[in-house]
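The lines below spell out each chain.
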Amino acid sequence: MNQLQQTATSPTAGNPPMSVPAEQAGTWQAVCSLEDIWPNTGVCALINGRQIAIFRMKSDVLYAIDNHDPHSGANVLSRGIVGDLGGEPVVASPIYKHHYQLRTGECVEDASTQLNTYPVQLRDGMVWVKTTA
Amino acid sequence: MNEHTRILVVGNGMVGHYFVQELVKRHPDLAAAKLEVTVLGEEPRPAYDRVHLSSFFSGSTAEDLSLVEPGFYDKPGLTLRLNARASSIDRIKHTVTLSDGTSLPYDKLVLATGSVPFVPGVIGRDRENCFVYRTIEDLEAMTAAGIQAKSGVVVGGGLLGLECAKALRDMGLDTHVVEFAPRLMAVQVDEAGGQVLRSKIESLGVHVHTSRNTTAIVDGATARHRMVFFDETWLETDMIVFSAGIRPRDELARESGLAIGARGGIAIDDFSRSSDHDIYAIGECASWNDEMFGLVAPGYDMARIACAHLFDDHSTTFQGADMSTKLKLMGVDVASVGDAHGKTHGCRSFHYLDELRQIYKKIVVSEDGKTLLGAVLIGNADEFGTLQQMALNAMPLPENPEFLILPASDGKEKPGLGVDALPDSAVLCSCNNVSKGAIGEAVAAGACSIGEIKACTKAGTACGGCVPLVTQVMKAEMRKHGMAVNNHLCEHFPYSRQELYHIVRVEQIRTFDELLAKHGKGLGCDICKPTAASVLASCWNDFILKKDLASLQDSNDYFLGNIQKDGSYSVVPRMPGGEVTPDGLIAIGNIAKKYGLYTKVTGGARVDMFGARVEQLPNIWEELIAAGFESGHAYGKSLRTVKSCVGSTWCRYGVDDSVGLAVELENRYKGLRAPHKIKFGVSGCTRECAEAQGKDVGVIATENGWNLYVCGNGGMKPRHAELLASDLSKEDLIRMIDRFLMFYIRTADRLQRTSTWRDNLEGGLDYLKDVVINDYLDLGAELEAQMQHVVDNYQDEWKTAVTDPEVRKRFRSFVNSMTGDTNIMFVKEREQMRPATPEEKQQAKTIPILALVE
Ligand code: SRM
Ligand SMILES: Cc1cc2nc3c(=O)[nH]c(=O)nc-3n(C[C@H](O)[C@H](O)[C@H](O)COP(=O)(O)OP(=O)(O)OC[C@H]3O[C@@H](n4cnc5c(N)ncnc54)[C@H](O)[C@@H]3O)c2cc1C
Ligand code: SF4
Ligand code: FES
């Protein structure tokens, strides 16, 4: 990622490294304004029929993972409490409290469960998410 | 033993019953083991807990005190005959004759006849309203007399006498204790200790008269009786209770020629056998080495040993008993250990006396200063467990033994027992014979709170005196197993919930960010965030979905509804006391119909509407609010319901308006956030149709006001609530509930219901009474004020949510679309909708799925 783009897209250096849109398949889509996501909470975006949970963490660091909680079968992860376990950012499912790592999508209690993660960026106060297909 | 062994047990008291339990433990199928067991009990009811007899005065019933599990005596091979007194033994024919003339054969006879209260040979002792203190019938008679009486005298200033004096004082009588010896509790306590005890008890309003020998009881001038003493002074009183010691019931044994101890009692050997080897004697009727034991633990020991011996197990023998005692008499700690009077040759003692706070402590050490022989503690008995174990196990004394009883100065730790030095065989709980080893095993098996230890070992469940020591051992064992003993909430806060509560209150912290910045680390998690949210709400009661609070709320609080398995929500409007108008019901029906919700009457006596999607919630609430409803907080760790019975308004038995009170209480405490959910019940009479005794707070109407019960629980581990106070006016009742709830909120752990909190509360019910009723910590006014703050700041959360556009915006399935979650699907069942199963969702195209209602 080049210097210029980082300053343009993310007000902080804390976001996970992101790929440059043109270089990868998939499309970026503007979802909502940052203000639509209250600090330290999540929202769910419906993108091409897919439910994606987007979280706004401390210092406006953003993450996006599947909204579907495979342990309960319900689409609820965006409504979970966020925080960290051992420094690793996580969300706790509101149904049976499984924790999912926001960077990797891995379930802390059951490493065999893996959620999709999605690149997410803040551009001019808008939240953008990239999905494949 | 021959083919069929007939075992006859005389006496169904505490020890006799314990013996039968031991028998059944050895031979669960008595009939198959060819045992025919008959038990004779003279009293009208099976064995009950005499040790806690006094709790009868504070509301325990005969059933509460019973020691017999329902059905226990219905086993094949076991017969219990009540109202049946043995009147003679024929040792040659091996028979026992009953007072009704029938006779029963035995192969082995077990005498467990206990003892009787000793009534001194005073003229007039048979007058009306003269009582003894031993059976439930005695207490019933005392209660009846107490209603008419203004004053009462207890003859005897020993342990039981003082317990009895407390009962009289609690009945509101002007209470006197008359003691023959020059001091109170002469057996357990030395002279200086007796002095301190006396002034403590006098300061509680009980008159103490020592060195008084009663010679006659005659008619009084100002009261029913006049007690005349040997020096011709006198005292007038309406009722008298004799509690001047006990005498063993050895008459059966005497008449049949069994050996009797020097001071009475049936002489027994180390196997609990009498001089006739087909007859055992156990409990208070037995005399071992010319010694008798007026406590239950040695009796249980004898019962175990006799039972083992009966089946040719000679491995255990009776070796005397530790008579150390610790009790709380009228709120005063009194304890004695071993040789309290320093009778051992050459012993020396250390004394500590604090006349200001009325504390007296003494230890007696051996001549060489190496071991502890005995101790007396009055006013504060914190060191009891340590000292008892030191004396029992002859553990080496620290270099300066005086520090064992001196108050710790400038933060220095007192020399502890070093529980690691205790042998595994050390009996920590003498009531239930639980050793250190057993606690270790329980910890190894996963028990790691005092509540769990109590549940699986029984340690600490009788007199409770051993709880501090058991807790120490539990923690040491946990450390050994590498278990974290710290009570830190989670990795983000090195504090317990109680400590965080304190911090929030003292530093006036109002946001999680501030709390985290000052006292925590990292981002927080789903443990500390809801805990902090609950503490903040208990303290300040701000709207829980305020921007900086919303992110802390647990699944249900987060959307002010209960999340269901499919991600939809339920809606429970409040119906205070379960009362609802026809119009209210119609409105709920209409709303449910309009939004296509499933309806059900809950176990909490109100209506639940299921299957609402997030984006429907604000509209549903708006319509409910318009119909006069508010949030029922079915989602919160907060007040749920105040269940009521119909009460005196309609019910032919009701003595007070239980619905009216329930409505008032529910409206007072609604919205109160707590460590866990809180439920109330209010019943209009003792039939208890509202099941108040199964609730965190239970109220039952009496002829004279309201009785307040606390710390009950239904759910996973039901627990009966305990009587905290009786006959309260409504104002006092509310004050007591304010204090009780706030004290719980302050001191409970996260997700601890009042019942588990109570089970873990050191000092138990007495302590709770001290804090809530007697205001022993001087907290009452503060707790009431804090509650009033919460009450004054109540708001209907649904209303605040729907009127704030920012908040309302959050109630959407999708941030970028107005549609609903198509994964929420319903099918029809019994005329209503229910969530589709995963299989049904798979076949969604082939089976009828109910349309989503917008
Ligand atoms: C709806 C209801 C069942 C019903 O259809 O009747 C119910 C439903 C739930 N109960 Fe309950 N309980 C309901 C009455 C009870 C009762 C009966 C009562 O209140 O008299 C009890 C036993 C009494 C008690 O609590 O002492 C009860 C003992 C529990 C427990 C066990 C608590 C315990 O201390 O052992 C849980 C689990 C927990 O809280 O950790 C629980 C938890 C739950 C949860 C919250 C489980 C969950 O997390 O999803 C359910 C959510 C309900 C919802 O979505 O609305 N529910 N639950 C009842 C709602 C009452 C109300 O009007 O608010
Ligand atoms: C108010 C009170 C408080 C106490 N507090 C404590 C305490 O804190 N700690 C402690 O360790 N101990 C305490 N005790 C003492 C404890 O209760 C006794 O040690 C215990 O009950 C002894 O049990 P037992 O079976 O030997 O006698 P009991 O419990 O008295 O049982 C004897 C039974 O035998 C029956 N019986 C007698 N003769 C016959 C007969 N001929 N035929 C048929 N039945 C017969 C009696 O009716 C009675 O039911 C207290 C006692 C009282 C009264
Ligand atoms: S508890 Fe008593 S007053 Fe209430 S309904 Fe039942 S019988 Fe009537
Ligand atoms: S010593 Fe009485 S309960 Fe443990």
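Everything numeric in this text was worked out from a predicted model, so none of it was measured. (Residues numbered from 1 in each chain as written. Chains lettered and ligands numbered in written order. Predicted model: local features only at pLDDT ≥ 70, side-chain atom pairs only at ≥ 80, totals over all residues. Heavy atoms only, no water.)

### So, the overall build of chain A
Stated precisely, the cut-off is as follows: Every helix listed is a DSSP run of H or I at least four residues long, and every strand listed is a run of E at least two residues long, numbered separately from the N terminus. Any residue under 20% of the maximum accessible area for its type is buried, any over 50% is exposed, and the rest in between are partly exposed; the area is computed with a 1.4 Å probe on protein chains only. What makes two residues a contact is simply this: any of their non-hydrogen atoms within 4.5 Å. Computed with a 1.4 Å probe, the accessible areas rest on the Shrake-Rupley method; for each residue, only the protein chains presented here act as cover.
Helices and strands together make up the secondary structure of chain A, namely 1 helix and 12 strands. The order of α-helices and β-strands along chain A, N terminus first, is α-β-β-β-β-β-β-β-β-β-β-β-β. Evaluated residue by residue, chain A yields a buried proportion of 52% over its 133 residues. For chain A, the proportion of contacts with a sequence separation of at least 24, taken over those separated by at least 6, is 45%. In the structure as shown, chain A presents an accessible area of about 5,600 Å², 52% of it carried by carbon and sulfur atoms.

### Section: the site of ligand 3
Rules: Whether a residue is near a molecule or strand depends on its heavy atoms: if one lies within 4 Å, it is near. Asp, Glu, Lys and Arg are counted as charged, while Ala, Val, Leu, Ile, Met, Phe, Trp, Tyr, Cys and Pro are counted as nonpolar; the rest, among them Gly, fall into the polar class.
Around ligand 3 sit C645, V646, G647, C651, G654, G684, C685, R687, E688 and C689 of chain B, and those are all the residues in its vicinity. Across the shell around ligand 3, the residue classes break down as 5 nonpolar, 3 polar and 2 charged.

### A short note on the side chain of H309 of chain B
On the secondary structure map, H309 of chain B appears in helix 7 (residues 296–310). Apart from residues lying up to four places away in sequence, H309 of chain B is in contact with F271, R273, Y280 and H314 of chain B.

### Remarks on the sheet that holds strand 32 (residues 639–644) of chain B
Residue and element names in this part refer to chain B. The test is simple: By this definition, two strands are paired if DSSP reports at least two bridges between them. To define axes, lines are fitted to C-alpha atoms, for helices over the stretch in contact only, and angles between the resulting N-to-C directions are given on a 0 to 180 degree scale.
What the 5 strands build is an open sheet, ordered 32-33-34-35-36; its pairing is mixed. Strand pairing shows two members of the sheet lacking a second neighbour, strand 32 and strand 36 (722–728), which therefore form its edges. Taking each pair of neighbouring strands and ignoring which way they run, the sheet shows an average axis angle of 15°. Across 6 bridges, strand 34 (residues 697–702) lies against strand 35 (residues 705–710) in antiparallel orientation. Directly across from V699, in strand 35, lies its bridge partner L708. Of the strands in this sheet, strand 32, strand 33 (678–683), strand 34 and strand 35 touch helix 19 (residues 658–669), which is tilted by about 175° from strand 32. Contacting strand 33, strand 34, strand 35 and strand 36, helix 20 (residues 730–747) runs over the sheet at an angle of about 10° to strand 35.

### Notes on the interface of chain A and chain B
Using the following cut-off: When two parts are brought into contact, each loses some accessible area as probed by a 1.4 Å sphere; the total of that loss over both is the buried area. One side-chain nitrogen of Lys or Arg within 4 Å of one carboxyl oxygen of Asp or Glu is enough to make a salt bridge.
Taken together, the contacts link 34 residues of chain A with 39 residues of chain B. Taken together, both faces of the contact between chain A and chain B bury some 2,800 Å²; the carbon and sulfur share is 55%. Summed over the three residues of chain A that lose the most area to chain B, namely W38, R79 and I81 of chain A, the buried surface amounts to 31% of that side. Connecting chain A to chain B are 2 salt bridges. Residue D36 of chain A is joined to K809 of chain B by a salt bridge in which the shortest nitrogen-to-oxygen separation is 3.4 Å.

### Things to note about the site of ligand 1
All names here are of chain B. The test is simple: Any pair of nitrogen or oxygen atoms within 3.5 Å is treated as a polar contact; in protein, a donor-acceptor pairing is required on top of that, and neighbouring residues in sequence qualify only through side-chain atoms on both sides.
Near ligand 1 lie 19 residues; those nearest to it are Q564, T602, G603, R606 and G714. Measuring from an oxygen atom of ligand 1, one finds a side-chain N or O atom of R606 at 2.6 Å. Between ligand 1 and K679, the relevant distance is 2.8 Å, taken from an oxygen atom to a side-chain nitrogen or oxygen of the residue. A per-class count over the shell around ligand 1 returns 1 nonpolar, 11 polar and 7 charged.

### What about the pattern of salt bridges?
Residues and elements named next belong to chain B. Taken as a whole and judged by the stated rule, the model has 53 salt bridges over all chains. Put simply, D170 and K166 hold a salt bridge, and the shortest N to O gap is 2.7 Å. Note that D170 and K166 are positioned in helix 4 (residues 159–170) at a spacing of 4 residues, about one turn of the helix. One salt bridge in this structure joins R510 and D542, with 3.2 Å as the shortest N-O distance.

### Here we look at the sheet that holds strand 19 (residues 279–281) of chain B
Residues and elements named next belong to chain B. If you walk across this open sheet you meet the 5 strands as 3-2-1-7-19, and the pairing is parallel. This sheet does not close on itself; its edge strands, each paired only once, are strand 3 (78–81) and strand 19. Strand-to-strand twist of the sheet, defined as the mean angle between neighbouring strand axes without regard to direction, takes the value 15°. For strand 2 (residues 35–40) and strand 3, the ladder comprises 4 bridges, and the chain directions are parallel. The residue of strand 3 that forms the bridge with L40 is R81. Helix-sheet contacts for helix 1 (residues 14–26) involve strand 1 (5–10), strand 2, strand 3 and strand 7 (108–111), and the interaxial angle to strand 1 is about 155°.

### Topic: the packing of aromatic side chains
Residues and elements named next belong to chain B. Keep this limit in mind: Whether two aromatic rings pair depends on their centres lying within 6.5 Å, for rings of Phe, Tyr and Trp, where Trp uses its six-membered ring; planes under 30 degrees apart make the pair stacked, over 60 edge-to-face, and the rest tilted. The criterion is that NZ of a Lys, or CZ of an Arg, lies within 6 Å of the ring centre and within 35 degrees of the ring normal, and then a charge sits over that ring.
Summed over all chains, the structure comprises 17 aromatic pairs over all chains. For the ring pair W288 and F318, a centre distance of 5.2 Å and an interplane angle of 85° mean the geometry is edge-to-face. Taken together, the residues W288 in strand 20 (residues 286–288) and F318 in the loop between helix 7 and strand 21 (325–329) connect sequence positions 30 residues apart. Taken as a pair, W288 and F318 share a single burial class, namely buried. An aromatic cluster is present here, built from Y558, F559, Y569, W621, W798 and F811 joined pairwise through their rings. The ring of Y558 has R810 lying over it, and the distance from NZ or CZ to the ring centre is 4.5 Å.

### Let's talk about the pairing of strand 10 (residues 151–155) of chain B
All names here are of chain B. This is how the line gets drawn: When the strands point away from the viewer, a crossover counts as right-handed if the path from the first strand over the helix to the second runs clockwise.
The element strand 10 is largely enclosed, with a buried count of 5 among its 5 residues. The side-chain alternation of strand 10 yields two buried faces, one formed by S151, V153 and V155 and the other by G152 and V154. Bridge count for strand 10 against strand 11 (residues 174–178) is 5 bridges, and the pairing is parallel. Within strand 11, the position partnered with S151 by the bridge is D174. In this view, the connection linking strand 10 to its parallel neighbour strand 11 by way of helix 4 has right-handed handedness. Relative to strand 16 (residues 239–242), strand 10 is paired through 4 bridges, and the arrangement is parallel. Looking at the pairing, G152 lines up with M239 of strand 16.

By themselves, these are just geometric observations and shouldn't be taken as functional.
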